[in-house]
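Residue-level structure breakdown
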Amino acid sequence: KKILILTADAGFGHRSTANALCRAFEIRYGDAAQVIIVNPLDEPGALPFMRSAENDYDKLAREWPQFYKLGYKMSDLSLTTNVTEMAYVMMMYDPISRLMKQHEPDAVVVTFPTYQYPVAAYRRVSGVNVPIATVVTDLVSLQKMWFSQSADLCLVPTQTAADLALERDLDPESIHITGLPVNPALADAPGSKAEARRALGWPEDKFTVLAVGSKRVEQLDAFAHILNHSGHDLHLVGVAGGNVELYDALQSAEWHIPATIYDFVRNMPELMHAADCIVTKAGGLIVTESLACGLPLILIQVIPGQETGNARFVVDEGAGDLTLEPLEFLDTMAHW
């Protein structure tokens, strides 16, 4: 079967979900499933300003969070949602229809909400009745655009998301609570944390804090600094996630505790299984991966919008704490 996954690169979550699904199909079905992952905005015919909007997503969310929050709320109004749906059909129909004709998929999986509408339009116009599955990549704070009645399957991560789908009058039989797809390697837990730490060359007997940053995480070095001078007997693992300034700051610090510093890693599941807790922002991907391997979270940053719901979900369900200031973080770490 040929499965076409349509994703986006606004943030990390949509693409990571697509990659996780691809890997899971490989593991379970091997050559019986041919998976193609495409970002339609990378295709010829995609409007340049839409590519620019995707590229500016990180900058907007990081530098103007309140403006981002306003845009997030405005785009979720019923009238705005309907206009946006129609606009996406008009703007994306050509590249989507070209992809459908090129690949002739047996099924289309969508990990970015607005792609459902041009795919459904192509299905109506062409008469090619290819099934559409939507994989919702936000945990609890969800925009109306995620829920299209044209999708044959709506796969949601939480009961809250399922309830919102029902409010949008989706067929109850199309809604399935599946959790959010994550890297299957997260299921490969080692025999013990000591064993996992030994494989990584970490101290085996110390409480290990995994601090994960990126270009979208601010002040992680300040939180690491306060741990460095806390007097706690622990091992700090810092991951800069491609943030050059953060990596340089962590590398040049005078550490009073054992510290292991990485820039960008491709073995995050191994690091997570070896740690005792994780310090990071409330992004859907990192939160879901941490939950999947039972790793308690201390959230130090929340971008207004869907991340507000992610943080509330973690705290309300007892999976972690939210500490936005370094001293509050130190207090929480001392209790932990």
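The preceding data block contains the structure.
Digging into the sheet that holds strand β5 (residues 153–156)
Strand order in the open sheet made by the six strands is β2-β1-β3-β4-β5-β6, with parallel pairing throughout. Both edges of this open sheet fall to β2 (34–38) and β6 (175–177), since each of them pairs with a single strand only. Strand-to-strand twist in this sheet, taken as the mean axis angle between neighbours without regard to direction, amounts to 20°. Bridge count for strand β1 (residues 2–6) against β2 is five bridges, and the pairing is parallel. Note that in β2 the partner of K2 across the bridge is Q34. The strands that helix α1 (residues 13–29) touches are β1, β2, β3 (107–110) and β4 (132–135); relative to β2, the one it contacts most, it runs at about 170°. Relative to the sheet, helix α7 (residues 159–167) contacts β5 and β6, its axis offset from that of β6 by approximately 170°.

Focus: unusual backbone geometry
Positive phi values are uncommon outside glycine, yet E104 reaches one of about 45°. At Q219, a position not held by glycine, the phi torsion is positive, near 65°. Along the chain, the position of Q219 falls in the loop between β7 (207–212) and α9 (220–228).

Overview of a nonpolar patch on the surface
A cluster of nonpolar side chains, contributed by V315, L322 and L324, occupies part of the molecular surface with about 210 Å² of accessible area. Within the secondary structure, L324 sits in the loop between β12 (320–322) and α14 (326–335). Under the relative-accessibility criterion, L324 is labelled partly exposed at 42%.

Overview of the pattern of salt bridges
Per the stated rule, a full pass over the model turns up seven salt bridges. Between R197 and D276 there is a salt bridge, and its shortest N-O distance comes to 2.6 Å. One end of the pair, R197, is in helix α8 (residues 193–200); the other, D276, is in the loop between α11 (268–274) and β10 (277–281), with 79 residues separating them in the sequence.

The rules behind each value
Residues numbered from 1 in each chain as written. Predicted model: local features only at pLDDT ≥ 70, side-chain atom pairs only at ≥ 80, totals over all residues. Heavy atoms only, no water. Pairing = 2+ DSSP bridges. Helix = DSSP H or I, 4+ residues; strand = E, 2+ residues; numbered from the N terminus. Axes fitted to C-alpha atoms, helices over the stretch in contact; angles between N-to-C directions. Contact = heavy atoms within 4.5 Å. Patch = residues over 30% accessible without salt bridge, like charges linked within 9 Å, V, L, I, M, F, W, Y side chains within 5 Å. Areas by Shrake-Rupley, 256 points an atom, 1.4 Å probe, with all protein chains shown as cover. Salt bridge = Lys/Arg side-chain N within 4 Å of Asp/Glu carboxyl O. Buried < 20%, exposed > 50% of the residue type's maximum accessible area, 1.4 Å probe, protein only.

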